[in-house]
Amino acid sequence: MTGLKNLLLKRLEEALIRRNVRTMKRIFAGLVLLGCLAGCGSLNTGTESQAPSPTLRELAIVPNFASNTLSVKELDVYTGSVQAVGDPVPSAGTHPVAVRSHPNLKVFYVVNRDSQVITVFSLDVSGAASLISSVACPAQTQLFAVHPSGGWAYAAGGTTLRTYEISSTGLLSVSGGDAVLANEAGWDAAFSNNGGLLHVPELGQIQSFVLSDGLPGQSVSIPLARSSDRAIDVDVRPGGGCMLISIQGSDSIRSYTLGRNGRPETLLEQDLGFRPATGDFAENGHYYLGENGAPSVHVFKTTPGGLLSELADSPLEVAGTGGAYFTALDLTERLVISTDGNPNNRLDVRLRQTSGALLEGSTHSQGLSIPGQFAFLLFREP
C-alpha cells in the first residue's frame, strides 16, 4: 500500500505542475481511500518494519496589511483546522495586500501596495519563507495575476497594466511597455482561450486583452450597467463556457458566454440580495461567492451558459462579525477559505461536501493583522 500511495503522490505532483484540477481530484480521492484502509488495519502480515510513507502538506500564505508581514498557515484538508507555522515574516514592503503562487514552482509573489514593490519568496516544506528578489510595480497595485503557463505575470494599479516575464526560478522582470487601462482595476483577473486572453475587472467596465507572447495587445472594453458600478473579480468557468463578474454597486453577477476565441459574447445579469465580494469556481462548475460585510459564502450551481442557481442550504454563515471579502478554494477543492481584510483578523475555513454544500470548519486569527488576499502551495513530505 505504501508503494501505491507513493505513486499517487507522484502523480498528484505531476498534475499540479500541469494544473490539471480534475486529475488532482481523482488522485486525492485515492489517497483518502488509502487513508481509510490504513485506519482499518495493516495489509501487511509480516513483521518487518515499514518506512514512513509520504504525506501531503498544504500551506496558505496570508498577507498582513497592518503589520507588513506574511503568515504561513498549515491547513488540514480533512478537518478544516488551521495551524500557524512559525512567526509572521516581513513582507519586505509596505502594506501587503495580495499573495499569488506560481503554478509550477514553490515560489509566491507579494503585492506591497504602498511601497510599490512586488516581493518574491521561495517556500519550503517546513513553511520557511525566503526572500529571493523584488521588482517595482505600478502605484496602487492590488491586482496581480500569474499566467497559467507560469511564464508571465500581470500587475494592475490605477490605470496601468504592467507585464512581467517569469524566469525558470520564478524571478520577475518587466516585459514590454505598460498598457493603459480604461479605468482603475479591481482585485482579481482571469484568463480564457487557454491563456490567450486576459480579462481585467475595472470601475464601470471589463477590459479584455489579447495576449501575444505574453504581452497585452488589442483590447475590448465592455461597459457595466452604470459607470459607478465597480467590477472587482472575474472568474472563468472550468471548460471556458462562460465568465462571471462580481459587481458592487448594482450588487449583481454579470455572466458572459465565451466564444471559441475566448471573447465575451451573450450577457446575462443576475441581481443578488447582498453585496458580493470575490469568488472562485470548483472544477465541477460550482461557484463560491463571498459576501461583503457578513461572514457568509454563497454556493451556486452554474450552467456553461452562465446561469446561476443557489443551493438550498446556501449561504453558510459562520459566527462573529466581519465578512468574506477574499474567498477561494484550496488546491484540493476540499476547503473554501475566506479572509475579511479588516481588523477582525479572521481566516475562516469551510469544509466542502461532495454535493458542493459547505460545513463549518474553523476560524483562525493567530498572527493575523488585517489579512488580505491569500495563496496556497502543496508539498509532499518527507
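For the structure itself, look to the data block above.
Here goes a summary of the coordinates provided. (Residues numbered from 1 in each chain as written. Predicted model: local features only at pLDDT ≥ 70, side-chain atom pairs only at ≥ 80, totals over all residues. Heavy atoms only, no water.)

### Focus on the overall build of the protein
Of the regular secondary structure elements, the protein holds two helices and 31 strands. For the protein, buried positions account for 55% of its 382 residues. Here the contacts in the protein between residues at least 6 apart in sequence split such that 50% fall between residues at least 24 apart. A total of about 15400 Å² of accessible surface is found on the protein, and carbon and sulfur atoms cover 51% of it. (Helix = DSSP H or I, 4+ residues; strand = E, 2+ residues; numbered from the N terminus. Buried < 20%, exposed > 50% of the residue type's maximum accessible area, 1.4 Å probe, protein only. Contact = heavy atoms within 4.5 Å. Areas by Shrake-Rupley, 256 points an atom, 1.4 Å probe, with all protein chains shown as cover.)

### Here we look at the side chain of Ser-208
Within the element layout of this structure, Ser-208 appears in strand β16 (residues 205-212). A distance of 2.7 Å separates polar atoms of two side chains, one belonging to Ser-208 and the other to His-199. Dropping the residues within four chain positions of it, Ser-208 is found in contact with Leu-198, His-199, Gln-218, Ser-219, Val-220 and Pro-264. (Polar contact = N/O pair within 3.5 Å; in protein donor to acceptor, adjacent residues only side chain to side chain.)

### Regarding the packing of aromatic side chains
How two aromatic rings sit relative to each other is set out by the distance from centre to centre and by the angle between their planes. Going through the model one piece at a time under the given rule, you end up with nine aromatic pairs. When the ring of Phe-108 is compared with that of Phe-121, the centres are 5.3 Å apart and the planes differ by 5°; the resulting orientation is stacked. Note that Phe-108 is positioned in strand β6 (residues 107-112) and Phe-121 in strand β7 (residues 117-123), a separation of 13 residues in sequence. Across the pair, exposure class does not vary: Phe-108 and Phe-121 are buried alike. Geometrically, the ring pair formed by Trp-187 and Phe-326 is edge-to-face, given 5.0 Å between the ring centres and 80° between the ring planes. (Phe/Tyr/Trp six-rings, centres within 6.5 Å; stacked < 30°, edge-to-face > 60°.)

### Observations regarding the pattern of salt bridges
Should their charged atoms come close, side chains of opposite charge can pair. For the coordinates displayed, the defined rule picks out 10 salt bridges. Here Arg-162 and Asp-178 are joined by a salt bridge, their closest N and O atoms 2.9 Å apart. On the criterion of sequence distance, the pair formed by Arg-162 in strand β11 (residues 160-166) and Asp-178 in the loop between β12 (172-174) and β13 (179-180) is long-range, its members being 16 residues apart. Of the residues examined, Arg-162 reaches a relative accessible area of 17% and is grouped as buried. (Salt bridge = Lys/Arg side-chain N within 4 Å of Asp/Glu carboxyl O.)

### Some details on the sheet that holds strand β27 (residues 326-329)
Here four strands make up an open sheet; going across it, the order is β27-β28-β29-β30 and the pairing antiparallel. Of all strands in the sheet, those with a lone pairing partner are β27 and β30 (358-364), marking the two edges. Direction aside, neighbouring strands of the sheet carry axes that sit 20° apart on average. As judged from the five bridges shared by strand β28 (residues 335-339) and strand β29 (residues 347-352), these two strands associate in the antiparallel manner. Bridge pairing in β29 links Ser-338 to Asp-348. (Pairing = 2+ DSSP bridges. Axes fitted to C-alpha atoms, helices over the stretch in contact; angles between N-to-C directions.)

### A word on the sheet that holds β7
Strand order in the open sheet formed by four strands is β5-β6-β7-β8, with antiparallel pairing between adjacent strands. Both outer strands of the open sheet, β5 (96-101) and β8 (129-136), are each paired with one neighbouring strand and no more. The average undirected angle you get between the axes of adjacent strands in this sheet is 25°. Bridge count for β5 against β6 is five bridges, and the pairing is antiparallel. Opposite Ser-101, over in β6, you have Phe-108 as the bridge partner.

### Some details on the environment of Thr-332
With respect to the helices, strands and loops of the structure, Thr-332 is situated in the loop between β27 and β28. For Thr-332, a relative accessible area of 9% gives the class buried. Considering only alpha carbons, one finds Thr-332 and Ala-282, 50 residues apart in sequence, at a separation of 9.9 Å. In this structure the side chain of Thr-332 is engaged in a polar contact, spanning 2.7 Å, whose partner is the side chain of Asp-330.

### Describing the nonpolar core
Ranked by internal contacts, the top residues of the largest apolar core, which has 37 residues, are Tyr-109, Ile-118, Phe-144, Tyr-164, Leu-172, Ile-337 and Phe-376. If we skip the residues at most four places from it in the chain, Ile-118 touches Tyr-109, Val-110, Val-111, Ser-133, Ser-134, Val-135, Cys-137, Phe-144, Ala-155, Tyr-164 and Leu-172. Of all hydrophobic cores here, the second largest spans 14 residues; its members include Ala-145, Phe-191, Phe-209 and Leu-211. (Core = buried A, V, L, I, M, F, W, Y, C linked by side-chain atoms within 4.5 Å.)

### Side note on the environment of Glu-202
Counting through the fold element by element, Glu-202 comes out in strand β15 (residues 197-202). On the basis of relative accessibility, which here comes to 0%, the residue Glu-202 falls in the buried class.

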